[in-house]
Amino acid sequence: MNKVIYADNAATTQIDPRVLEAMTPYLTEYYGNPSSIYSIGRDAKRAIETAREQVAKAFGAKVQEIYFTAGGSESDNWAIKGSMDLLKAKGKTHIITTNFEHHAVMDTCKFMEKHGFEVTYLPVDEEGYVTVKQVEDAIKENTGLVTIMYANNEIGTIQPIAEIGQLCRDKGILFHTDAVQAVGNVEIDVVKQHIDMLSMSGHKIYAPKGVGVLYVRNGVRLSNLVHGGGQERGRRAGTENVASIVGLGKAIELITEDIPGRIEKVSKLRDYLFEQASKIERSRINGGRKNRLCGNFNMSFEAVEGEALLLMLDLNGICGSSGSACTSGSLDPSHVLLAIGLPHEIAHGSLRLSINEHTTQEDVEKIAEVLPKVVGRLREMSPVWNKLD
Ligand SMILES: *Cc1c(COP(=O)(O)O)cnc(C)c1O
């Protein structure tokens, strides 16, 4: 059996052994309910608070501003839906977002429209960026919330978050960012960047699935999304997912240890892939190269069907994705690729590879060897390829 080359880290990551090791005692010995009085409960409680410190430290936040959730989607939902009451009370029923957000933000904004809110979906440019000027021009008297992703999950483009944060702070507008893909790839400081709410997820940074964080700046009176017990200082009910929370804390500590080193190592491998794959005729790189996640590769190959490409790569032991894993199963091409202006047929022939620090030079060489062959083979079988002019 050949080794599998896993290049779909934007979809999910493998748990780091050090993370698993940190978690294991909380699945075995310290199984107590963190709300209990006895020591195995208190130990669990202490472990959660350590994880909270680890997360707070990574973002330059205070521990009381960190809330554990069941993942990035819940955090996004909570940030936006939880703002409903406070925004309505102030008559601020206009929201600004972009047209290439993750569905957890996009669909929640659609939900807000059904509940009396007006939403502006800013168009990103053909490279996949939004500008501060665009946000500024879209602000109205009644704008109460801006929610813009830190880095895009499909094309990896990083948005000018600090500048948007400054603008929102100056105008008294709440600012939320989905930073699920950004954590560990950019230096995040919620104070310097004027971020009021920030979402992240465990399973994108080598912790388990089903755990996440919402940072909420002190003073932002979000309503609860999950009602019930008094966990998370009464703001997010439910017995804590102790082991996963411990894992997330450890994972964020590890991934933020050496961000510049990570970027240097991973972007070199990714750039090699871009260079090699760009030699394939009628191909294009999706998303700008300048401010881009170090592990993100996204290209389109004309007259190639993305799903077929993925299957052929899989036969060669390479795991990638086409568009977004969340949208496969639907025939519509990714809304992100449409947002940067790709025609439907080209968007369908797209490939996203997301590599990380465990990817080797050997791995990218193997991908660079297999990809042109597979694209060529699919084109031979394609009814449209020979008709292209
Ligand atoms: C994966 C992802 C999410 C969803 O996080 P889950 O923990 O899987 O719910 C949200 N936003 C972005 C940008 C993502 O990549």
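Residues numbered from 1 in each chain as written. Predicted model: local features only at pLDDT ≥ 70, side-chain atom pairs only at ≥ 80, totals over all residues. Heavy atoms only, no water.

1. Details of the site of the ligand
Item 1. Every one of the 13 residues lining the ligand counts as a neighbour, but Ser-73, Asp-178, Gln-181, Ser-201 and Lys-204 are closest to it.
Item 2. At 2.7 Å from an oxygen atom of the ligand is found a side-chain nitrogen or oxygen belonging to Gln-181.
Item 3. In the environment of the ligand, an oxygen atom lies 2.7 Å from a nitrogen or oxygen atom belonging to the side chain of Ser-201.
Item 4. In the complex, the protein chains occlude 88% of the 390 Å² of accessible area that the ligand would expose alone.
Item 5. A total of three residues in the shell around the ligand trace back to one element, the largest contributor, which is helix α3 (residues 72-81). (Near = heavy atom within 4 Å. Polar contact = N/O pair within 3.5 Å; in protein donor to acceptor, adjacent residues only side chain to side chain. Areas by Shrake-Rupley, 256 points an atom, 1.4 Å probe, with all protein chains shown as cover. Helix = DSSP H or I, 4+ residues; strand = E, 2+ residues; numbered from the N terminus.)

2. Structural notes on the packing of aromatic side chains
How two aromatic rings sit relative to each other is set out by the distance from centre to centre and by the angle between their planes.
Item 1. Summed over all chains, the structure comprises three aromatic pairs.
Item 2. Seen in terms of ring centroids, Tyr-26 and Tyr-30 are 5.4 Å apart; in terms of plane orientation they differ by 35°. Their pairing is tilted.
Item 3. Judged by its relative accessible area of 25%, Tyr-30 is partly exposed.
Item 4. Sitting over the face of the ring of Phe-111, Lys-81 holds its NZ or CZ atom 4.7 Å from the ring centroid. (Phe/Tyr/Trp six-rings, centres within 6.5 Å; stacked < 30°, edge-to-face > 60°. Buried < 20%, exposed > 50% of the residue type's maximum accessible area, 1.4 Å probe, protein only. Lys NZ or Arg CZ within 6 Å of the ring centre and 35° of its normal.)

3. A closer look at the nonpolar core
Item 1. Phe-59, Ile-66, Phe-68, Val-146, Tyr-150, Val-183 and Ile-188 are the most contacted members of the largest nonpolar core, which has 67 residues in total.
Item 2. For this core, the leading source of residues is helix α9 (residues 242-255), giving nine residues.
Item 3. Once residues lying within four places of it in the same chain are set aside, the contact partners of Ile-188 are Ala-58, Phe-59, Tyr-150, Ala-179, Ala-182, Val-183, Gln-193 and Leu-198.
Item 4. Of all hydrophobic cores here, the second largest spans 27 residues; its members include Val-266, Ala-277, Leu-353 and Leu-371. (Core = buried A, V, L, I, M, F, W, Y, C linked by side-chain atoms within 4.5 Å. Contact = heavy atoms within 4.5 Å.)

4. A word on the pairing of strand β7 (residues 197-201)
Item 1. Along β7, five of the five residues are buried, which leaves the element largely enclosed by surrounding structure.
Item 2. Every second residue of β7 is oriented toward a common face, with Met-197, Ser-199 and Ser-201 on one face and Leu-198 and Met-200 on the other, all of them buried.
Item 3. Sheet topology places strand β6 (residues 174-178) next to β7; three bridges connect them, and they run parallel. In the sheet register, Thr-177 faces β7, and the bridge partner there is Leu-198.
Item 4. In the sheet, β7 pairs with strand β8 (residues 212-216) via five bridges, with the strands oriented antiparallel. From the neighbouring strand, Ser-199 faces β8, where its bridge partner is Leu-214. (Pairing = 2+ DSSP bridges.)

5. Some words on the pairing of strand β12 (residues 350-354)
Item 1. Judged by how many residues are buried, β12 sits mostly within the fold: five of five residues are covered.
Item 2. Both faces of β12 are covered, namely the face carrying Ser-350, Arg-352 and Ser-354 and the face carrying Leu-351 and Leu-353.
Item 3. In terms of strand pairing, strand β10 (residues 296-301) meets β12 through five bridges, oriented antiparallel. Opposite Met-299, over in β12, you have Leu-351 as the bridge partner.

6. Section: the pattern of salt bridges
Item 1. In the structure shown here, the tally under the stated rule is 22 salt bridges.
Item 2. Linking Glu-49 and Arg-52 is a salt bridge whose minimum nitrogen-to-oxygen distance equals 2.8 Å. One end of the pair, Glu-49, and the other, Arg-52, are both in helix α2 (residues 39-59), three residues apart, so they sit about a helical turn from each other.
Item 3. Among the ionic pairs, Lys-373 bridges to Glu-369, the shortest N-O distance being 3.3 Å. Of this pair, Lys-373 and Glu-369 both sit in helix α14 (residues 361-381), four residues apart, which is roughly one turn of that helix.
Item 4. On the basis of relative accessible area, Glu-369 is assigned to the partly exposed category, the value being 45%.
Item 5. A network of salt bridges, in which partner residues are shared, links Lys-45, Glu-49, Arg-52 and Glu-232. (Salt bridge = Lys/Arg side-chain N within 4 Å of Asp/Glu carboxyl O.)

7. Quick notes on the environment of Leu-225
Item 1. Relative to the elements of secondary structure, Leu-225 occurs in the loop between β8 and α8 (231-234).
Item 2. Note: C-alpha distance between Leu-225 and Pro-208 (17 residues apart in sequence) is 22 Å.

8. A closer look at the UniProt feature "binding site: pyridoxal 5'-phosphate" (unreviewed entry) in the protein
Item 1. Those places that UniProt annotates as "binding site: pyridoxal 5'-phosphate" (unreviewed entry) correspond, in this numbering, to Gly-72, Ser-73, Asn-153, Gln-181, Ser-201, Gly-202, His-203 and Thr-239. These residues run over 168 residues, and the two farthest C-alpha atoms among them are 30.0 Å apart, placing them at more than one spot.
Item 2. Residue position: Gly-72 is located in helix α3.
Item 3. The residues touching Gly-72, leaving out its near neighbours within four places in the chain, are Val-180, Ser-199, Met-200 and Ser-201.
Item 4. Mapping Gln-181 onto the fold places it in the loop between β6 and β7.
Item 5. Other than its neighbours up to four places away in sequence, Gln-181 contacts Ala-10, Ala-151, Asn-152, Asn-153, Lys-204 and Leu-293. (UniProt positions renumbered as here; feature names shortened; annotations may be inferred.)

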